[in-house]
Amino acid sequence: MTIIDSLTQTISLALNDLYAIGQAPADIVLQDTRRDFKGDYTLVVFPYVKQARKSPEAVGQEIGSYVKERLDVVDGFNVIKGFLNFEVADSYWLQFVCEKGKDERYGTKQPDLESSPVVVEYSSPNTNKPLHLGHIRNNLLGWSVSQLLAANGANVKKVNLVNDRGIHICKSMLAWLRYGNGETPESTGLKGDHLVGKYYVEFDKHYKEEVKQLMESGVEEEQAKKDAPLMQEAQQMLKRWEEGDSEVRALWEKMNGWVYAGFDETYRRLGVGFDKVYYESNTYLLGKELVQKGLDMGVLFRKEDGSVWCDLTGDGLDQKLLLRKDGTSVYMTQDLGTALLRHNDFGAEQLIYVVGNEQDYHFKVLKLILGKLGFSWAEKVYHLSYGMVELPNGKMKSREGTVVDADDLIDEMEKTAEEMSREHGKNDELSAEEQRHLYYILALGALKYFILKVDPTKNMLFNPAESIDFNGNTGPFIQYTYARIRSIVRKAGESQDWKSGDEKLNDKERLVIKILHSLPDTIEAAAEAYSPAMVANYAYDLAKAFNSFYQDTPILRETDPQLKAFRVCLCAFVAHALRNTMNILGIEVPERM
RNA sequence: GGCCCUGUAGCUCAGCUGGAUAGAGCGAGAGUCUUCUAAACUCUAGGUCCUGCGUUCGAGUCGCAGCAGGGUCACCA
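Remember, predicted model here, so these are calculated numbers, not experimental data.

### Brief notes about helix α19 (residues 507-517)
Reasoning step 1: With respect to burial, α19 is a largely interior element, 8 of its 11 residues being buried.
Reasoning step 2: Buried residues of α19: E509, R510, V512, I513, K514, I515, L516 and H517, and no others.
Reasoning step 3: The inward-facing, buried residues of α19 abut α1 (3-19), β2 (41-44), α4 (90-100), α20 (519-529), α21 (532-552) and α22 (561-584).
Reasoning step 4: The distance from a side-chain oxygen at the start of α19 to the backbone nitrogen of K508 is 3.0 Å, and the residue carrying that oxygen is N506.

### A look at the sheet that holds strand β8 (residues 300-302)
Reasoning step 1: Ordered by their spatial adjacency, 3 strands build an open sheet running β8-β9-β10, and the pairing between neighbours is antiparallel. In this open sheet, the two strands that pair with only one neighbour each are β8 and β10 (319-323). For this sheet, the mean inter-axis angle between neighbouring strands, taken without regard to orientation, is 35 degrees.
Reasoning step 2: Strand direction decides the pairing type here: strand β9 (residues 308-311) and β10, joined by 4 bridges, are antiparallel. Across the sheet, the residue bridging to D311 is Q319, located in β10.

### Considering the nonpolar core
Reasoning step 1: Of all hydrophobic cores here, the largest spans 154 residues; its most connected members are L7, I11, I63 and L149.
Reasoning step 2: With 15 residues, α22 is the largest single contributor of residues to this core.
Reasoning step 3: Ignoring sequence-local partners within four residues, the contact set of L149 consists of V118, V120, A154, V156, I352, A527 and Y530.
Reasoning step 4: The next biggest cluster of nonpolar side chains, apart from the first, holds 34 residues, and it includes L317, V355, L366 and L370.

### Quick look at the sheet that holds strand β3 (residues 74-80)
Reasoning step 1: What the 4 strands build is an open sheet, ordered β1-β2-β4-β3; its pairing is antiparallel. The sheet terminates laterally at β1 (30-32) and β3, the two strands that pair on one side only. Taking each pair of neighbouring strands and ignoring which way they run, the sheet shows an average axis angle of 30 degrees.
Reasoning step 2: Contacts between helix α3 (residues 56-70) and the sheet are confined to β2, β3 and β4 (83-88), with β3 contributing the most and set at about 180 degrees to the helix.

### Some details on the protein's contact with RNA strand B
Reasoning step 1: Taken together, the neighbourhood of RNA strand B is formed by 61 residues, with R34, F83, R324, K426 and Y480 sitting nearest.
Reasoning step 2: For RNA strand B, the fraction of protein-proximal atoms (within 4 Å) that sit in sugar or phosphate groups is 63%.
Reasoning step 3: G472 places a main-chain nitrogen or oxygen 3.1 Å from a phosphate oxygen of RNA strand B.
Reasoning step 4: For RNA strand B, a base nitrogen lies 3.2 Å from a polar atom in the backbone of I555.
Reasoning step 5: Counting only elements with at least two residues in the surface near RNA strand B, the list comes to β2, α2 (46-52), β4, α16 (406-424), β14 (460-461), α18 (475-492) and α21.
Reasoning step 6: In the surface near RNA strand B, the residues fall into 24 nonpolar, 19 polar and 18 charged.

### Description of helix α5 (residues 133-151)
Reasoning step 1: Helix length check: α5, at 19 residues, gives a terminal C-alpha distance of 27 Å against a target of 27 Å (1.5 Å per residue), a fit within 8%.
Reasoning step 2: The first or second residue beyond α5 is G153, which carries a positive phi of 100 degrees.

The rules behind the values
Residue numbers here run from 1 along each chain, matching the order of that chain's written sequence. Both sets of labels track the order of writing: A upward for chains, 1 upward for ligands. Where local features are concerned, this predicted model is filtered to residues with pLDDT of at least 70; where side-chain atom pairs are given and counted, the filter is 80 or more; whole-chain, interface and lining totals use all residues. With hydrogens and water stripped out, all remaining heavy atoms of the structure feed into the side-chain values. Note on exposure labels: buried denotes an accessible area under 20% of the residue type's maximum, exposed denotes more than 50%, and partly exposed covers the range between, all computed with a 1.4 Å probe on protein chains only. The way it works is that DSSP assigns letters per residue, a run of H or I at least four long becomes a helix, a run of E at least two long becomes a strand, and they are numbered from the N terminus. Contact criterion: two residues are considered in contact whenever any of their non-hydrogen atoms come within 4.5 Å of each other. For this analysis, a polar contact is any N or O atom pair within 3.5 Å, provided that within protein one partner can donate a hydrogen and the other can accept it, and provided that sequence-adjacent residues contribute only side-chain to side-chain pairs. Only strands joined by at least two bridges in the DSSP assignment are considered to pair. Axis lines are fitted to C-alpha atoms, over the contacting stretch for helices. Their N-to-C directions set the angle, which ranges from 0 to 180 degrees. Nine residue types can take part in a nonpolar core, namely buried Ala, Val, Leu, Ile, Met, Phe, Trp, Tyr and Cys, and a core is a set of them joined through side-chain atoms within 4.5 Å. The cutoff for a nearby residue is simple: one of its non-hydrogen atoms must lie within 4 Å of the molecule or strand. Side-chain classes follow a simple rule in which Ala, Val, Leu, Ile, Met, Phe, Trp, Tyr, Cys and Pro form the nonpolar group, Asp, Glu, Lys and Arg form the charged group, and the remainder, Gly included, forms the polar group. One fewer than the residue count of a helix, multiplied by 1.5 Å, yields its expected span.

Printed below as a string of C-alpha cells:
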C-alpha cells in the first residue's frame, strides 16, 4: 500500500466521521503539492465545504488533524486557503527507497503471457520506395507503445502488414524493365529499397512526360492520365500479376526481395521488429466471406448494379462501398478480413493500429462495420492515430524533393553524435567498436526521444537544418545522466549495504524520491493513454531532478558512511528507473559517455 | 460546404480526470569546473493560454459561437 492509498483511505474516513460525507477512497484525488508550498500531497477541500458547513480553512484543519493523528507517516500538514498540504515523514521515503531501490525492473510489470494478446500493427510500408521520416514516427511509436503496454503487463504481439502488391509496385517494376539495364543492388551498391524507389521516381518522370505530350495534342488532363501508355502498361502488368503470370511474378518477387533486404536494414538500425509479418498479396482477397455474412445478417445491402454497401447514415456517416459491382473488393473489405484473421491468429482480445490521422475516418468506419457484423471485440479495436511530421516549409512532398529519407537521417544523426562526442573527448579510452556503438546509441537516442516526447496525436515539426539537439530536453541528456550515475555506482562498488535508518533528507533528495515513487502510476497512465510521450517526459523530469541533486549533494564524498550508502542506493535506483523508462522508448543507455 | 483534429513564451513542446502565483528546453543575458563526467547546474528576461460568451466557489482544461491552421469527405491504399 502506498502513501497515497493510506491518505485517501483515511481522508475518506475523516469525511465520513466529521461531516457524514460518503466518498470512496478511489474518488478522492490527491495532487502533488506545488513546489512553492510546504508539503508533498495536497487535498483540495473546496468540494466538501458546502456539506461540511464550515470554512475551507476549518475543513482543512479538521481533516488534517484527523489524518495526522491516525497516520504515522504523516509528519504534519498545513492549510492555505482551501488547500490541505500533507507532509510525509522522511521515514516513509527512506523505507520506500530501501524496499524498491534494488528492484531492477522497478516500475514495470511482468507481461502476463497467459492473457489474451493485444496485437499492435505498425509500420505497414509500401514496397515501392524507401522509408521516410513519417514512417520513422510510425515505427518508433509502434515499437514504443508495444513496449509500454508490455511494461504494463499486456501480452503484446507486434505485427506488420506489408503492402507488397498493387499498381505502385508495378510502376517500379515496369520502369526497371524499361530503363534499368539490369541494375541490381549488387551492381549499383544501392540499398534495395532505394534502388526500387529510384525506378518509381523514374516511372513518374516518364509518365508525366507522356501525359504532357498527350495534353499538348489536345487530350483532357484526366483522360491523358488514363491513356498514357506507361499507365496502360502498368495496369496490364497488375492484371498479369493477378492472373499469376510467372514472368511478372518472378520479377515482382525479385524486386520485393531487394526491398525487404533494405527494410530489414532500416528496421534493424531503428531497433524495431515484429512477431509476425503479413503480406497483402496473401490477404488482399480476404473479407469477401465477411461481406456475404453481412448480407445474410442483413446489415449490408446490394444495390441494383450489384455493388455491396454498408449504410452508416444511422451513425452520422455515409454509405460505404464494400464490393464493387464487378465483385472485386476495396481497401475496407480487405481490412475487415485481416482484422478477423488477426483476431483468430492470436486469439487477440484487442487490436491496435498505429496509423496516421489522415485515416481517422477509415478506422471509425472499420470499427463500426466490425461491430455491425457482430464481433464483440470490435469495440476494443483502437486506432492509435498520430499526427503528421511537418517540415519548416510544410508537408513533405516527394515531387518537391523535400522527403526526409530514413536512412539518410540516421546517417546524419550518427555523424552528428560522433562530432559531439569527439568535441567532448571523454571516450578516448573506449575501443573503436565501443565508440561506434556509443555514437549509434546517442544518435538513435536523440532521434527517438525527439519524436516520442511529443504527444502522438499532435502534428509535430521537424527541422532538419537545425537537426536534433543533444543538450537540454533530449535523449542524450537522459543518457548522460544515466552514464554519470553508473560511474558513481561503479566507483562505490556496485552493491551497497544500506538499511533505512533515521537519515534526514534534503529537498533535492526528497524530490528525486517522490518522482521515483510516481513511476508505476505514470506507466499505468501512459499505457492507458497509449502515450510514450508521458514516459519520455517522466524520464526527463527524473533526470533533471537527479542532476540538480547531484550538483550540490556529495555522494561518494559524503563522510557519513550511512548517508553515503543511502545516496549510492538512491543513485542506483534512479539508474534503474531511467533505464526502464528509456527501454520503453526503445532507447539504449550507455555505461559511459 | 459537412465531419474530425489542433491553437499555451521569439521557436519546439509539457500541463493527467477543472484547483494555489501557467512550466520546461532551445534561443537571449549573467554566473558555476583544483572537488563524484560542465552533454551538467544556478539566476535573469520573456505570457491577452487565438477571440468572445457561458457553466462553476474556481476554467489553459468543460460547453457554445467565431477566427486561424491542418486533415478528411474515392468503385485509391
